[in-house]
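Next come the chains, spelled out residue by residue.
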Amino acid sequence: MNSALAPFLQTRLFRFLTVGFGAALLLFVLSWLLVSMGLSPFTGSVVAYAISFVVAYSAQHGWTFGGKHDHATAMPRYLALQVGCAVFSGLVSHVAATRFAMPPLSMSALTTVAASAASYVLSSLWVFPARD
């Protein structure tokens, strides 16, 4: 392994991105699978999202942020953060497309980076703040 890459692989940011990527992949696979098995697209996607949300929260809580936070506080904050990030994503993509005439690929990239950055910062500072 590249010695310059090794320190990054040990960071909380790497764990956060890994969980996020895994949750997105799980959402994709589950929504496809459930709809392919006959559920309506709405129902299949909502069920897939709910499962992915629980898996992502569990992994972020336990692995990324060390499992030191009370679920009664962290879970509602995580839910609020994810709802907020969904709305923020919609706003960023809308502005990128309508004000800056960004093509879909660029708009999607900007939206992904912006929402991920907001999610990481707020997860670190509010949902799973540092514990001494």
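Refer to the preceding data block for the structure.
Numbering of residues begins from 1 in every chain and follows the order in which that chain's sequence is written. Reporting in this predicted model follows two pLDDT cut-offs: at least 70 for local features of residues, and 80 or more for side-chain atom pairs to be given and counted; totals over whole chains, interfaces and linings ignore these cut-offs and use all residues. Working from all heavy atoms in the structure, the side-chain values ignore hydrogens and water.

1. Describing the packing of aromatic side chains
- Two aromatic rings, drawn from Phe, Tyr or Trp (for Trp, its six-membered ring), form a pair once their centres lie within 6.5 Å of each other, and the interplanar angle then sorts them: stacked below 30 degrees, edge-to-face above 60, tilted otherwise. Tallied over the full model, the rule gives 7 aromatic pairs.
- Ring centres of Phe16 and Tyr120 lie 5.0 Å apart, and the angle between their planes is 70 degrees; this geometry places the pair in the edge-to-face category. Here the residue Phe16 occupies a position in helix 2 (residues 12–36), and Tyr120 occupies one in helix 5 (residues 104–127), the gap between them amounting to 104 residues. The same class applies to Phe16 and to Tyr120, which are both buried.
- Site record: aromatic cluster; members linked through ring pairs are Phe53, Tyr57, Phe65, Tyr78 and Phe128. Think of it this way: any DSSP run of H or I at least four residues long counts as a helix, any run of E at least two long counts as a strand, and we number them from the N terminus. The classification of residues rests on relative accessible area computed with a 1.4 Å probe and restricted to protein chains. Under 20% of the type maximum is buried, over 50% is exposed, and intermediate values are partly exposed.

2. What about helix 4 (residues 71–98)?
- Any helix carries an expected span of 1.5 Å times its number of residues minus one. If you check helix 4, its first and last C-alpha atoms are 40 Å apart, about what 28 residues at 1.5 Å a residue would give, namely 40 Å.
- All of the buried residues along helix 4 are Ala74, Tyr78, Leu81, Gln82, Cys85, Ser89, Val92, Ser93 and Ala96.
- Buried residues along helix 4 sit against helix 3 (41–64) and helix 5. Every residue pair with non-hydrogen atoms within 4.5 Å of one another is taken to be in contact.

3. Looking at the nonpolar core
- Ala56, Tyr57, Tyr78, Val127 and Phe128 are the most contacted members of the largest nonpolar core, which has 14 residues in total.
- Among the secondary structure elements, those contributing two or more residues to this core are helix 2, helix 3, helix 4 and helix 5.
- Ignoring any residue separated from it by four or fewer positions in sequence, one finds Ala56 in contact with Val19, Ala23 and Tyr78. Nonpolar cores are built from buried Ala, Val, Leu, Ile, Met, Phe, Trp, Tyr and Cys residues. Side-chain atoms within 4.5 Å join them into one set.

4. Some words on the environment of Gly20
- Structurally, Gly20 is set in helix 2.
- Classification of Gly20 as partly exposed rests on a relative accessible area of 34%.
- Along the backbone, Gly20 and Ser40 are 20 residues apart, and their C-alpha atoms lie at a distance of 25 Å.

5. A short note on helix 2
- With 25 residues, helix 2 extends 36 Å from end C-alpha to end C-alpha; this agrees with the ideal 36 Å at 1.5 Å per step.
- Taken together, the buried positions of helix 2 are occupied by Arg15, Phe16, Val19, Ala23, Leu30, Ser31 and Leu34.
- Residues of helix 2 that are buried in the fold lie against helix 3 and helix 5.
- Phi for Gly38, located one or two positions after helix 2, is positive at around 115 degrees.

6. A look at the packing of helix 2 against helix 5
- In contact at an axis separation of 11 Å, helix 2 and helix 5 are set at 125 degrees when each is read in the N-to-C sense. Taken together, the axes of helix 2 and helix 5 lie oblique to each other. Seen from above, helix 2 lies across helix 5 with right-handed handedness. For the pair helix 2 and helix 5, the contacting residues are Arg12, Leu13 and Phe16 in the first and Ser116, Ser119, Tyr120, Ser123 and Ser124 in the second.
- By residue class, the composition of the contact of helix 2 with helix 5 is 3 nonpolar, 4 polar and 1 charged. Here the axes come from fitting lines to C-alpha atoms, over the contacting stretch only for helices, and the angles between their N-to-C directions go from 0 to 180 degrees. Throughout, the term roughly parallel applies to angles under 35 degrees, roughly antiparallel to angles over 145, roughly perpendicular to angles from 65 to 115, and oblique to all others. By the definition used in this description, the sense in which the near helix is turned from the far one sets the handedness, with an anticlockwise turn below a right angle giving left-handed and a clockwise turn giving right-handed. Three residue categories are used. Nonpolar comprises Ala, Val, Leu, Ile, Met, Phe, Trp, Tyr, Cys and Pro, charged comprises Asp, Glu, Lys and Arg, and polar comprises the others, including Gly.

Purely geometric stuff here, so don't read any function into it on its own.
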